[in-house]
Amino acid sequence: MEGSKSFQITGPARLQGSVTLSGAKNSALKLMAAALLAAGKTTLQNVPAIADVEIMADLLRSLGCVVDYESSSQTLTIDVPEIPGHRAEYNLVRKLRASINVLGPLLTRLGSAEVALPGGDAIGSRGLDFHIKGLTDLGAEAHSEHGYVIATATDGLKGAPISLSFPSVGATENIMTAAVLAKGVTTIDNAAREPDVVDLGEFLIAMGAKIEGLGSSLITISGVSKLHPTTHATLPDRIVAGTWAFAAAMTQGDITIVGGREDHLEIPLDKLVQAGAVITTTSDGFRVKMDQRPKAIDIVTLPYPGFPTDLQPMAICMNAIAEGHSMVTENVFEGRFMFVNELKRLGANITVDGHHAAINGIPLLSGAPVVATDIRAGAGLVLAGLVSEGITIVEDGYHVDRGYTHFAENLRALGAQVARI
Ligand code: UD1
């Protein structure tokens, strides 16, 4: 971990070489929470060494689990007691949105759970109404009081048909992890289809759960009475892979992304091809090469398999130095354009109107101090520094460390001048 230091980037840079992906943050955190479903020792492989994993480990410890992380093998073990604690306290939960994922497992196993309302990134309002409605449909009594979600199901949960008004990733996960131990059959209509949800579902199946339809909009879960611990490898991080793909395209570079799954990034990679990149499949990943100034591309963020909101900052940064005009529309998190004001400090020509950003590409940005407001905005601003003349300092670099392992080292290995100050 490189601490909460700033990133100092001296640009411009052209990135060339290869990077190896770690496991996906947004999978690993959910797998950790779901381990609560079975007493005994769960082993998770390919768990990234990032701050958010440490916070989730502390949360599980506060519930009575013994958690060990071996960084050399990226393996995490979680020994879950017969009866874990049922209250997830604010001091840990507030640091991490994904802590809400302990709600479903604790409620279904213990019949009651109290989870502080989570914090996480400053990217929008991020309600919990779909989570609460889903658990209520399963027979729980759930409400929020004094800053906590309090849920009880004294006689256990009962399977039910559930329909989400938006395919929320977190709500799909919480409902799925609750329904695996409910009595009877649950269906989740308009379920999230993200690879992270599929990874979690496969982990649950390995624990003995009965789930069908993963990766589709209709997930069917037949409750079982007990689950057992298992060993599972986290899938590679598609958002980190996408970040490197955009980095290659923006800097007219050539990066091989070892462990990258093109099938998890179809639309973003199509967009990069439209921008002029050449993408080739390699024996263990894929390669993104760009020999020209990128062409501006229009982007609309949508739930998977649409363009991921987590790559929207990278798309805006690329468009900021691309040839032509573009429009980026954010449909998932309303606060996600906050970083645009920072990007404008680097000279980017962008006008935001509601959830649309109109971008007029200029050849090169101009280095300046900026502040990271969340993980992905922070990573995007570091990439912007690579296409800026002179020195860019991205303050509050700890945000980036929450989602990217060894970001500065990887950038240096690819030929960039990046320091932590
Ligand atoms: C997860 C990811 C995040 C990613 C997002 C969308 C984690 C830890 N985070 O967040 O990186 O950007 O998916 O791919 O995995 N909503 C409600 N009520 C609810 C639930 C959600 O209104 O009960 C809204 C949210 O405010 C947001 C939208 O639905 O506008 C999508 O949220 P959701 O898919 O739930 O995202 P997260 O699971 O929070």
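This structure is a prediction, so every number in the text was calculated from the model and none was measured.

A. Representation of unusual backbone geometry. Gly11 connects to Pro12 through a cis peptide bond whose omega is 0°. Cis geometry marks the peptide bond from Tyr304 to Pro305, where omega comes out at 10°. Locating Pro305 in the fold gives a position in the loop between β18 (299–300) and α10 (312–320). Unlike most non-glycine residues, His146 shows phi in positive territory, near 50°. Positionally, His146 belongs in the loop between β8 (141–145) and β9 (148–152). The phi dihedral of His406 falls on the positive side, at around 50°, and the residue is not glycine. Among the secondary structure elements, His406 is positioned in the loop between α13 (398–401) and α14 (407–413). By relative accessible area, His406 is classed as partly exposed at 44%.

B. A look at the packing of aromatic side chains. Counted by the stated rule, this structure contains four aromatic pairs. Judged by centre distance (6.2 Å) and plane angle (80°), the ring pair of Phe7 and Phe407 falls under edge-to-face. Linking Phe7 in strand β1 (residues 7–11) with Phe407 in helix α14, this pair joins segments that are 400 residues apart in sequence. For Phe7, a relative accessible area of 0% translates into the label buried. Considering the side-chain rings of Phe246 and Phe307, the 6.1 Å spacing of their centres and the 80° angle between planes classify their relative orientation as edge-to-face. With a gap of 61 residues between them, Phe246 in helix α8 (residues 238–250) and Phe307 in the loop between β18 and α10 connect regions that are remote in the sequence. With respect to class, Phe246 is no different from Phe307; both count as buried. Geometry around Tyr148 places Arg87 over its ring, the cationic atom sitting 3.9 Å from the centre. The ring of Phe7 carries Arg420 above its face, with NZ or CZ at 3.8 Å from the centroid.

C. Helix α9 (residues 266–275), seen in detail. Turning to α9, its buried residues are Pro268, Leu269, Lys271, Leu272 and Ala275. Around the axis of α9, the buried residues are gathered within 155° of arc, so they sit on the same side. Its buried side turned inward, α9 meets α8, β16 (278–282), β17 (285–289), β18 and α10. One or two steps after α9, the chain reaches Gly276, where phi turns positive at roughly 115°.

D. Structural context of the nonpolar core. Ranked by internal contacts, the top residues of the largest apolar core, which has 74 residues, are Met32, Ile78, Leu138, Met176, Val180, Leu204 and Leu227. Each residue touching Leu138, except ones within four places of it in the same chain, is listed here: Leu157, Lys158, Gly159, Ala160, Ile162, Ile175, Ala178, Ala179 and Thr186. Leu15, Leu21, Ile255 and Phe339 belong to the second largest nonpolar core, which has 69 residues in total.

E. The packing of α10 against helix α12 (residues 375–386), seen in detail. Packing of α10 against α12 leaves a shortest axis separation of 8 Å and a crossing angle of 25°. The angle between α10 and α12 falls in the class roughly parallel. Considering only the axes of α10 and α12, their crossing is right-handed. Along its contact with α10, which presents Pro313, Met314 and Cys317, the element α12 presents Arg376, Ala377, Ala379, Gly380, Leu381, Leu383 and Ala384.

F. Summary view of the sheet that holds strand β21 (residues 356–360). One open sheet holds the four strands; their spatial order is β18-β19-β21-β20, and the pairing between them is mixed. Each edge of the open sheet is held by one strand with a lone partner, namely β18 and β20 (349–353). Set on the sheet, α10 makes contact with β18, β19 (325–329), β20 and β21; between it and β21 the angle comes to about 30°.

G. Region of interest: the packing of helix α4 (residues 103–110) against helix α6 (residues 169–179). Relative orientation of the contacting elements α4 and α6 amounts to 20°, with a least axis distance of 7 Å. Taken together, the axis directions place α4 and α6 in an arrangement best described as roughly parallel. Crossing angle aside, the handedness with which α4 passes α6 is right-handed. Contact residues: Leu103, Gly104, Pro105 and Thr108 in α4; Asn174, Thr177 and Ala178 in α6.

H. Region of the structure containing the domain arrangement of the chain. Structurally, the chain comprises domain 1 (7–21 + 236–420) and domain 2 (25–233). Taking only C-alpha atoms, the centre of domain 1 and the centre of domain 2 are 30 Å apart. With 23 residues of domain 1 at the interface, the matching set in domain 2 holds 22 residues. For the domain 1 and domain 2 pair, buried surface summed over both sides reaches about 1,800 Å², with 55% attributable to carbon and sulfur atoms. Ranking the residues of domain 1 by area buried against domain 2 places Tyr304, Phe333 and Arg402 at the top, with a combined share of 32%. Inspection of the domain 1/domain 2 interface yields two salt bridges. Remark: the boundary between domain 1 and domain 2 carries four residue pairs in polar contact (both at pLDDT 80 or more). Secondary-structure elements contributing two or more residues to the side of domain 1 that touches domain 2 are α12 and α13. Residues belonging to the side of domain 1 that touches domain 2 are distributed by class as follows: eight nonpolar, six polar and nine charged.

I. Region of interest: the side chain of Arg238. Relative to the helices and strands, Arg238 resides in helix α8. With a relative accessible area of 11%, Arg238 lands in the buried category. Here Asp196 takes part through its side chain, which lies 3.5 Å from a polar atom of the side chain of Arg238. Excluding residues that lie within four positions of it along the chain, Arg238 makes contacts with Glu194, Pro195, Asp196, His264, Leu265, Tyr304 and Pro308.

Cut-offs and rules
Residues numbered from 1 in each chain as written. Predicted model: local features only at pLDDT ≥ 70, side-chain atom pairs only at ≥ 80, totals over all residues. Heavy atoms only, no water. Helix = DSSP H or I, 4+ residues; strand = E, 2+ residues; numbered from the N terminus. Buried < 20%, exposed > 50% of the residue type's maximum accessible area, 1.4 Å probe, protein only. Phe/Tyr/Trp six-rings, centres within 6.5 Å; stacked < 30°, edge-to-face > 60°. Lys NZ or Arg CZ within 6 Å of the ring centre and 35° of its normal. Arc of directions from axis to C-beta. Contact = heavy atoms within 4.5 Å. Core = buried A, V, L, I, M, F, W, Y, C linked by side-chain atoms within 4.5 Å. Axes fitted to C-alpha atoms, helices over the stretch in contact; angles between N-to-C directions. Parallel < 35°, antiparallel > 145°, perpendicular 65-115°, else oblique. Left-handed = near helix turned anticlockwise from the far one by under 90°. Pairing = 2+ DSSP bridges. Domains from an automatic or database assignment. Buried area = accessible area lost by both parts, 1.4 Å probe. Salt bridge = Lys/Arg side-chain N within 4 Å of Asp/Glu carboxyl O. Polar contact = N/O pair within 3.5 Å; in protein donor to acceptor, adjacent residues only side chain to side chain. Nonpolar A, V, L, I, M, F, W, Y, C, P; charged D, E, K, R; others polar.

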